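Each chain, letter by letter, is given below.
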Amino acid sequence: MRKFTTVLTALVLASCTGALAAATGTSSVTAINSASDELSVNGNMNVNFTNGDFGVTYKNAGFSTLTYSTHDNSSTGNRLITVGLAVNDASALPEGVTLKLTPTVPDGNGVGTPVNFSGSNGTAVSLITDIPQFLAGATANVAYSMAATKGFNNFSGTLTYTIGLSF
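Summarised in this report is the structure supplied together with it. In this text the structure is predicted, and so the values were computed from the model without any measurement.

**Some details on the packing of aromatic side chains**
Describing an aromatic ring pair means giving the distance of the ring centres and the angle of the ring planes.
And then number 1: Summed over all chains, the structure comprises 4 aromatic pairs.
And then number 2: On the basis of an interplanar angle of 15° and a centroid distance of 5.8 Å, the ring pair of F49 and F54 is categorised as stacked.
And then number 3: Exposure remark for F49: the relative accessible area of 12% places this residue in the buried category.
And then number 4: The class for F54 is partly exposed, based on a relative accessible area of 33%.
And then number 5: Three or more aromatic residues link up through ring pairs in this structure, and these residues are F49, F54, F152 and F155.
And then number 6: Stacked on the ring of F49, the Lys or Arg K59 has its end atom at 5.6 Å from the ring centre.
And then number 7: Across the ring face of Y58, the terminal group of K100 is positioned such that the distance to the ring centre comes to 5.4 Å.

What follows is the structure, given as structure tokens:
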């Protein structure tokens, strides 16, 4: 019986030894946000005026779909999308021609403001503001329309959309 007691005592001591000799350690955690804000534009503007189309009524000229995400944490705060117009081979739109952009933005994806370009006014302006930081997969539609009060020489140009920090 004495052997059994000795063996039992040894087992109890062995099972307690791990708890008495516990060790701690640390491990660092690092997460890096390498994502950036993204913007893609799909669609173009195209309009053809004929004899009865001149006046103050806007003529439908198509639309674009903007898809955007705001992942960049280099600066905090809301984002905005600006749009600027450059007319090819000219410094301005022809006299009497106005290009109107009308954004439709679903709730939570920002706030859209209609934009008009005429004359030499092609500088980038805010189109969609108050876009939340860390917004994934948002979309907005931008309807294009144009009015011409008189005839003009044919022209073409480029609309440039940019996503960035709010002012």
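Next comes the rest of the account.
**As for the environment of S156**
And then number 1: Positionally, S156 belongs in the loop between β8 (138–148) and β9 (157–165).
And then number 2: Expressed as a C-alpha distance, the spacing of S156 and M45, which sit 111 residues apart in the sequence, is 9.6 Å.
And then number 3: Apart from the residues within four sequence positions on either side, S156 is in contact with V87 and N88.

**So, the pattern of salt bridges**
And then number 1: This structure, assessed with the given rule, holds 3 salt bridges.
And then number 2: Across the pair D37 and R79 runs a salt bridge whose closest N-O atoms are separated by 2.6 Å. Separated by 42 residues along the polypeptide, D37 in the loop between α1 (2–20) and β1 (38–42) and R79 in strand β3 (residues 79–87) bring together distant segments of the chain. Grouping residues by exposure puts D37 and R79 together as buried.

**Brief notes about the environment of L93**
And then number 1: Following the sequence through the fold, L93 ends up in the loop between β3 and β4 (97–104).
And then number 2: Between the alpha carbons of L93 and F155 there is a distance of 8.1 Å; along the sequence they are 62 residues apart.

**Quick word on the sheet that holds β4**
And then number 1: Pairing within the open sheet is antiparallel, and its 5 strands lie in the order β1-β2-β8-β4-β6. Of all the strands in the sheet, the pair left with one neighbour each is β1 and β6 (115–118). If you compare each strand with its neighbour and ignore which way they point, the axes differ by 20° on average.
And then number 2: Of the strand pairs in this sheet, β4 and β8 are connected by 8 bridges, and their pairing is antiparallel. Each residue of the ladder has a partner; that of L99, found in β8, is M146.

Criteria and cut-off values
Residues numbered from 1 in each chain as written. Predicted model: local features only at pLDDT ≥ 70, side-chain atom pairs only at ≥ 80, totals over all residues. Heavy atoms only, no water. Phe/Tyr/Trp six-rings, centres within 6.5 Å; stacked < 30°, edge-to-face > 60°. Buried < 20%, exposed > 50% of the residue type's maximum accessible area, 1.4 Å probe, protein only. Lys NZ or Arg CZ within 6 Å of the ring centre and 35° of its normal. Helix = DSSP H or I, 4+ residues; strand = E, 2+ residues; numbered from the N terminus. Contact = heavy atoms within 4.5 Å. Salt bridge = Lys/Arg side-chain N within 4 Å of Asp/Glu carboxyl O. Pairing = 2+ DSSP bridges. Axes fitted to C-alpha atoms, helices over the stretch in contact; angles between N-to-C directions.

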